[in-house]
Amino acid sequence: MDKFFTQKTCDRCGGSLKGGRIMSMYNEDCICLSCKEKEMKRKDYKKAVEAELEEIKRGNYNYKGIEGERK
Ligand SMILES: [Zn+2]
């Protein structure tokens, strides 16, 4: 998780993070904004957001996302 702020390339496409970085909603990947955009277009994006909100409601602030749990 510490590498989130120091890494220079996107975990997903390997591109530069100069334009900004954001945590994936699906797992703990640190991704670039264009990957985030693609993620938001996924059909199950809403489900990923809801799952995260549900975990936070339960007090789990370390939820790894609907795909992160499988790692
Ligand atoms: Zn990317």
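For every chain, the first residue of the written sequence is number 1, and numbering continues from 1 along that sequence. Predicted model: local features are reported for residues with pLDDT of at least 70 only, side-chain atom pairs are reported and counted for 80 or more only, and whole-chain, interface and lining totals are derived from all residues.

A. Highlighting the overall build of the protein. For the protein, the count of helices and strands is two helices and two strands. Reading the helices (α) and strands (β) of the protein from amino to carboxyl end gives β-β-α-α. Values of the radius of gyration come from C-alpha atoms, whereas the globule rule sets the reference at 2.2 Å times the count of residues to the power 0.38. Taking 11 Å as the expected radius of gyration for a compact globule of 71 residues, we find that the protein reaches 12 Å, a close match to that expectation. Dimensions of the protein, computed from the C-alpha atoms along their principal axes, are close to 35 × 30 × 20 Å. To assign burial, the other C-beta atoms lying within 10 Å of each residue's own C-beta are counted, with C-beta atoms placed from the backbone; 20 or more indicates buried, 12 or fewer indicates exposed, and intermediate counts indicate partly exposed. Looking at the protein as a whole, 11% of its 71 residues are labelled buried. In this description, any two residues whose backbone-derived C-beta atoms lie within 7 Å of each other are considered to be in contact. Contacts in the protein between residues far apart in sequence, at least 24 positions, make up 30% of those at least 6 positions apart. Secondary structure is summarised from DSSP: a helix means a run of H or I of at least four residues, a strand means a run of E of at least two, and numbering begins at the N terminus for each.

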